[in-house]
Amino acid sequence: MLIRKPADIPSSEITPPQVWRARRTFIQGAALGVGAAALAPLGAVAATYPRPGEDEPLTPREFVTGYNNFYEFGTDKGDPAAHAHRLRTRPWSVVVDGECARPGEIGIEDILSGFDQQERIYRLRCVEAWAMVIPWLGFPLGELLARFEPTSRARYVAFETLFDPEQMPGQRRRVLDWPYREGLRIDEAMHPLTLLATGLYGETLPNQNGAPLRLVVPWKYGFKSIKSIVRIRFTAEQPPATWNRMQPDEYGFYANVNPAVDHPRWSQKSHRMIGGGWLAKRRETLPFNGYAEEVAGLYAGMDLRRFY
Ligand code: MTE
């Protein structure tokens, strides 16, 4: 898919959400009809991916890009939009190493040209009990990981954000233990719903949303979706994750969206959609953010109150 920068797009071309959705449904139908065999491993995902956002409109773009968590640029929701222009996203590369046969470094241009950018509408559900429905652009993380040939010792995948206090002024204060880190179990990382996002609303990812490359795991709370990734490492042991290390009682390593397990300071049973106003009706939160059919099997036999 051709990705243009926001500045290249005249406002007359910006698609209202309803039209966007109709077009997406058409594209999805076409994709399923053509090359179903070639797409076999993704077939099940393609058939189900619009579901969580289907009954609700997309979050207006200005909220998706104006109300953010990206502590490298400040702790207020408006700070990333105000300050993230300082981040230089070219040149950019990602080091992939650890328990794999072919460690190496891959440049962002090779990532953008080497992996088919798909559009997927996923809900982002934050632990503070707000949510957005976002049309992401990206590709399954597993496609990138497979190229580095993880060994049988690779049980987890660790991620790191850039550390550069000159570009990321929030890192001059020790509000978090920098660099921001996250981790997934390898089966979570290889799951076809797990996306490396490179854009939203058909455009290149804005800096405040984690340019040039950020993680999106639609069945987990938003803090797992680490932004501006520079390093990915296969590990044998569970890697450290920033919020889990800072406040383990509040932020578990798994962070699966779970209405039955409350955050100590917030109920997780419901949420409100950002952009709907404070008076908007709260919505019931579904287990695994609505993706239970696809991902509950990853946690069979686990006590999800303990491994929250
Ligand atoms: N990644 C980095 N590097 N730094 C952060 O502060 N915040 C996380 C996550 N990824 C964060 C991060 C949190 S708490 C959330 S809810 C999501 O990003 C927010 O993503 P968004 O701003 O694109 O909505």
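All values derive from a computational prediction rather than experimental measurement.

Undergrad: Account for the site of the ligand, naming residues and giving values.
TA: Surveying the vicinity of the ligand reveals 16 residues, the closest of which are Tyr-71, Glu-72, Cys-126, Ser-225 and Lys-227. Between the ligand and Asn-69 there is a distance of 3.3 Å, counted from a nitrogen atom to a backbone nitrogen or oxygen. When the ligand is considered free in solution it has 530 Å² of accessible area, and contact with the protein chains removes 98% of it. Taken together, the residues that form the shell around the ligand break down as seven nonpolar, six polar and three charged.

Undergrad: Help me get a handle on the packing of aromatic side chains, residues and values and all.
TA: Scanning the entire structure with this criterion turns up twelve aromatic pairs. Look at Tyr-156 and Phe-253: their rings are 6.0 Å apart centre to centre, the planes differ by 80°, and that puts the pair in the edge-to-face class. A residue pair is termed long-range when its members are at least 10 positions apart, and Tyr-156 in strand S5 (residues 156-161) and Phe-253 in the loop between helix H9 (242-246) and strand S11 (270-273) qualify at 97 residues. Looking at Tyr-156, the relative accessible area reads 8%, which means it is buried. Ring plane angle 85° and centroid distance 5.5 Å describe the contact between Phe-253 and Tyr-254, whose orientation is recorded as edge-to-face. The pair formed by Phe-253 and Tyr-254 is uniform in burial state, with each residue classed as buried. A connected cluster of aromatic rings, assembled from ring pairs, spans Tyr-156, Phe-253, Tyr-254, Phe-288, Tyr-299 and Phe-307. A cation sits over an aromatic face here: Lys-224 above Phe-253, 4.2 Å from the ring centre.

Undergrad: Could you give me a rundown of the UniProt feature "binding site: Mo-molybdopterin" (unreviewed entry) in the chain, with the residues and numbers involved?
TA: UniProt's feature table lists "binding site: Mo-molybdopterin" (unreviewed entry) at Asn-68, Tyr-71, Glu-72, Cys-126, Thr-161, Asn-209, Arg-214, Ser-225, Ile-226 and Lys-227, given in the numbering used throughout. Positionally, Glu-72 belongs in the loop between helix H4 (61-66) and helix H5 (79-83). Among the residues examined, Glu-72 registers a relative accessible area of 1% and is labelled buried. Contacts of Glu-72, omitting those with residues within four sequence positions, involve Thr-161, Met-168, Pro-169, Gly-170, Gln-171, Trp-178 and Tyr-180. Ignoring sequence-local partners within four residues, the contact set of Lys-227 consists of Asn-68, Asn-69, Phe-70, Thr-161, Gln-208, Asn-209, Gly-210, Leu-213 and Arg-214. Within the local environment of Lys-227, its side chain forms a polar contact with the backbone oxygen of Asn-69, the two atoms lying 2.7 Å apart.

Undergrad: Summarise the nonpolar core; cite the residues concerned and give the values.
TA: Ranked by internal contacts, the top residues of the largest apolar core, which has 75 residues, are Val-94, Trp-136, Leu-141, Phe-159, Leu-215, Ile-232 and Phe-234. For this core, the element with the most residues is strand S4 (residues 130-140), which contributes seven residues. Excluding residues that lie within four positions of it along the chain, Leu-215 makes contacts with Leu-141, Phe-159, Leu-184, Thr-194, Leu-195, Leu-196, Lys-224, Ser-225, Ile-226 and Ile-229.

Undergrad: Lay out the sheet that holds strand S1 (residues 93-98) with the relevant residues and their values.
TA: Taken in spatial order, the five strands make up an open sheet running S2-S1-S10-S5-S6, and their pairing is mixed. Either end of the sheet is taken by a strand with one partner, and the two such strands are strand S2 (104-107) and strand S6 (181-185). With direction set aside, neighbouring strand axes in the sheet form an average angle of 20°. Inspection of the sheet shows S5 paired to S6 by five bridges, in the antiparallel sense. Each residue of the ladder has a partner; that of Glu-160, found in S6, is Arg-181.

Thresholds applied
Residues numbered from 1 in each chain as written. Predicted model: local features only at pLDDT ≥ 70, side-chain atom pairs only at ≥ 80, totals over all residues. Heavy atoms only, no water. Near = heavy atom within 4 Å. Polar contact = N/O pair within 3.5 Å; in protein donor to acceptor, adjacent residues only side chain to side chain. Areas by Shrake-Rupley, 256 points an atom, 1.4 Å probe, with all protein chains shown as cover. Nonpolar A, V, L, I, M, F, W, Y, C, P; charged D, E, K, R; others polar. Phe/Tyr/Trp six-rings, centres within 6.5 Å; stacked < 30°, edge-to-face > 60°. Helix = DSSP H or I, 4+ residues; strand = E, 2+ residues; numbered from the N terminus. Buried < 20%, exposed > 50% of the residue type's maximum accessible area, 1.4 Å probe, protein only. Lys NZ or Arg CZ within 6 Å of the ring centre and 35° of its normal. UniProt positions renumbered as here; feature names shortened; annotations may be inferred. Contact = heavy atoms within 4.5 Å. Core = buried A, V, L, I, M, F, W, Y, C linked by side-chain atoms within 4.5 Å. Pairing = 2+ DSSP bridges. Axes fitted to C-alpha atoms, helices over the stretch in contact; angles between N-to-C directions.

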